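Secondary and tertiary structure notes
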Amino acid sequence: SQQGEEDPQALSIQEGENATMNCSYKTSINNLQWYRQNSGRGLVHLILIRSNEREKHSGRLRVTLDTSKKSSSLLITASRAADTASYFCLSGAGSYQLTFGKGTKLSVIP
Amino acid sequence: DTAVSQTPKYLVTQMGNDKSIKCEQNLGHDTMYWYKQDSKKFLKIMFSYNNKELIINETVPNRFSPKSPDKAHLNLHINSLELGDSAVYFCASSHWEVHEQFFGPGTRLTVL
């Protein structure tokens, strides 16, 4: 399968806790992006990390990239109920070779 | 103003029919994409198009064809619809050199 892997498939946490999601991919990449999808909606871009970067921050989001292990992680700190959504990684080897992970469904309990 | 729009939002049709889904973006992007999200929520790229070059995912049946009348539009035509085509189809756009993609709200296709 060309689909990348994400774990966990589902994650349930209390509001205020941190949420960590992992993504693995199969080929060499130029960049990796994370997207959020609320139920029944389109995807929203969260953050992009390039292959020569190891860590990136944006607000409550922290992304790491380990190209030797072909893996990335997304950390959401101080989670809120509004963070409840599915999160997908998108690995890119050029604009043509784009592969989504299977996604992690995050539930944040108020 | 809607950045990436798709019509229709829902499409219910019979097997064997031909249908089209329209996509428009007002972001001035030069690259557009079509994705399919199946019942397990798996997302796969079907096409990417940057007004000069169309890249087709080799797993996409040739019953699917993208058509771009101009840079702001990339429509998806599907011939001889099959049950397995039932899914949510997303259109997206980006600048060629900037990889952040903006997604449309999706079109839920149901083939009966």
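This text follows the structure it describes.
Residues numbered from 1 in each chain as written. Chains lettered and ligands numbered in written order. Predicted model: local features only at pLDDT ≥ 70, side-chain atom pairs only at ≥ 80, totals over all residues. Heavy atoms only, no water.

Moving on, we get to the overall build of chain B. On a plain count of helices and strands, chain B comes out with zero helices and eleven strands. For chain B, the N- to C-terminal ordering of α and β elements is β-β-β-β-β-β-β-β-β-β-β. Since a compact globule built from 112 residues should have a radius of gyration of about 13 Å, the 13 Å found for chain B is in line with a globular shape. In terms of principal-axis extent, the alpha carbons of chain B reach across some 40 × 30 × 25 Å. When the 112 residues of chain B are sorted by exposure, 43% land in the buried category. Accessible area of chain B: about 5,800 Å², with a carbon and sulfur share of 50%. (Helix = DSSP H or I, 4+ residues; strand = E, 2+ residues; numbered from the N terminus. Rg over C-alpha atoms; globule rule 2.2 N^0.38 Å. Buried < 20%, exposed > 50% of the residue type's maximum accessible area, 1.4 Å probe, protein only. Areas by Shrake-Rupley, 256 points an atom, 1.4 Å probe, with all protein chains shown as cover.)

Taken together, the 20 residues of chain A in the interface contact 20 residues of chain B. Counting the contacts that link chain A with chain B gives zero salt bridges. Along the contact surface separating chain A from chain B lie three residue pairs in polar contact (both at pLDDT 80 or more). (Contact = heavy atoms within 4.5 Å. Salt bridge = Lys/Arg side-chain N within 4 Å of Asp/Glu carboxyl O. Polar contact = N/O pair within 3.5 Å; in protein donor to acceptor, adjacent residues only side chain to side chain.)

Counted under the stated rule, the structure contains nine aromatic pairs over all chains. Between Phe88(A) and Phe100(A), the aromatic rings sit 6.2 Å apart at their centres with planes inclined by 85°, giving edge-to-face as the arrangement. Separated by twelve residues along the polypeptide, Phe88(A) in strand S9 (residues 85-93) and Phe100(A) in strand S10 (residues 97-100) bring together distant segments of the chain. Judged by its relative accessible area of 2%, Phe100(A) is buried. Relative to Phe103(B), the ring of Phe90(B) has its centre 6.4 Å away and its plane inclined at 75°; by these criteria the two rings are edge-to-face. Residue Phe90(B) is found in strand S9 (residues 87-94), and its partner Phe103(B) is found in strand S10 (residues 102-103); the two are separated by 13 residues along the sequence. Accessibility expressed as a relative area gives 2% for Phe90(B), which makes it buried. Through a chain of ring-to-ring contacts, the aromatic side chains of Tyr35(A), Phe88(A), Phe100(A), Tyr33(B), Tyr35(B), Phe90(B) and Phe103(B) assemble into a single cluster. (Phe/Tyr/Trp six-rings, centres within 6.5 Å; stacked < 30°, edge-to-face > 60°.)

Right, let's get into the nonpolar core. Of all hydrophobic cores here, the largest spans 21 residues; its most connected members are Leu32(A), Trp34(A), Leu74(A), Ile76(A), Tyr87(A) and Leu106(A). Ranked by size, the runner-up nonpolar core spans 19 residues in total, among them Val4(B), Ile21(B), Leu81(B) and Val111(B). (Core = buried A, V, L, I, M, F, W, Y, C linked by side-chain atoms within 4.5 Å.)

Residue and element names in this part refer to chain B. Judged by pairing direction, the sheet is antiparallel, and its four strands sit side by side in the order S1-S3-S8-S7 without closing on themselves. The open sheet has two edge strands with one neighbour each: strand S1 (4-7) and strand S7 (64-70). Direction aside, the axes of adjacent strands within the sheet are offset by 20° on average. As paired elements, strand S3 (residues 19-25) and strand S8 (residues 73-78) share four bridges and run antiparallel to each other. Across the sheet, the residue bridging to Ile21 is Leu76, located in S8. (Pairing = 2+ DSSP bridges. Axes fitted to C-alpha atoms, helices over the stretch in contact; angles between N-to-C directions.)

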